[in-house]
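# Architecture and fold: a report
So the chains spell out like this:
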Amino acid sequence: MSRTFYTYAIYFTALSGILIFVQSIVYFAIGPRIFELATTPACVFLSLGVAFVNWLLMFVYFRYRNYQFALWVVVAVGVTNTLQAFSLLKILTTREITPFFALTSLLTVVAGIVFGVSLVVSRAKERYWIRLAGFSSFVVGLIGLTTIAWGLTSVDARVDGTIETLDKLQSFAQCITPIFFILNFLNERAAASHSVRDGSL
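Reference entry: report on the structure contained in this document. Note that this is a predicted model, so its numbers are computed, not measured. (Residues numbered from 1 in each chain as written. Predicted model: local features only at pLDDT ≥ 70, side-chain atom pairs only at ≥ 80, totals over all residues. Heavy atoms only, no water.)

### Describing helix H1 (residues 3-30)
Taking 1.5 Å of rise per residue, 28 residues should cover 40 Å, and H1 covers 41 Å from first to last C-alpha, within 8% of that figure. Within H1 the residues assigned to the buried category are Phe-5, Tyr-6, Ala-9, Ile-10, Phe-12, Thr-13, Ser-16, Gly-17, Leu-19, Ser-24 and Tyr-27. Looking at the residues trailing H1, positive phi occurs at Gly-31, about 65°. (Helix = DSSP H or I, 4+ residues; strand = E, 2+ residues; numbered from the N terminus. Expected span 1.5 Å × (residues − 1). Buried < 20%, exposed > 50% of the residue type's maximum accessible area, 1.4 Å probe, protein only.)

Shown next, in the form of structure tokens:
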């Protein structure tokens, strides 16, 4: 693939990671009140737009590398995240948590876990940074699944703030996965540059 593609992939992956990090800081500072901010709907749309471009670039990359498992899982990740984002926007309007939001949140977490697995057990694991991205996504998903399961089964955990703490931890942990993808794309871009130079000799 061309250096231009990898440059775009690096840019949008970094932008996605930065948005996640900023949102994590705000969430850590004010907790659930983040959903009361007037800017939250705009941030959801912005994050969704950047994520959509990122998923598209990831789809093209996995297709180019013929990572079929990861290819279709990233489609599932995009669909579940989009559904969750729109269900969250509805909550911001109605101020009521719906069963659909709970369902999409669970599906998003499960999709993230499967995505991590797809990067670790498939041909994608041949690339070191992608394999680490898979481990990272898997761990983040497990934290999210633990948070949901514990929140549903333990009133004490919800009351004493344990669930909120785990949710904040997961929010920050999500920033790690994009870093590994950026490092992979940097390596790929460097290799593409060497190929161009060698071909011109």
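### Section: the packing of helix H3 (residues 68-94) against helix H4 (residues 99-121)
Helix packing geometry: the angle between the two helix axes and the distance between the axes. Between H3 and H4, the least distance of the axes is 8 Å, while the angle of their chain directions is 160°. Considering the angle they form, H3 stands roughly antiparallel to H4. For the pair H3 and H4, the sense of crossing is left-handed. The residue inventory of the contact of H3 with H4, partitioned by class, reads 17 nonpolar, eight polar and no charged. (Axes fitted to C-alpha atoms, helices over the stretch in contact; angles between N-to-C directions. Parallel < 35°, antiparallel > 145°, perpendicular 65-115°, else oblique. Left-handed = near helix turned anticlockwise from the far one by under 90°. Nonpolar A, V, L, I, M, F, W, Y, C, P; charged D, E, K, R; others polar.)

### Considerations on the nonpolar core
Counting 38 residues, the largest nonpolar core has Tyr-61, Phe-62, Phe-115, Leu-119, Phe-181 and Phe-185 as the members making the most contacts within it. At the level of elements, H1, helix H2 (40-65), H3, H4, helix H5 (128-153) and helix H8 (176-200) are the ones that each hand at least two residues to this core. For this core, the element with the most residues is H3, which contributes 10 residues. When neighbours within four sequence positions are excluded, Leu-119 is seen to be in contact with Phe-62, Ala-70, Ala-124, Lys-125, Ile-130, Arg-131, Ala-133, Gly-134 and Phe-181. (Core = buried A, V, L, I, M, F, W, Y, C linked by side-chain atoms within 4.5 Å. Contact = heavy atoms within 4.5 Å.)

Function cannot be inferred from these measures alone, as they are strictly geometric.
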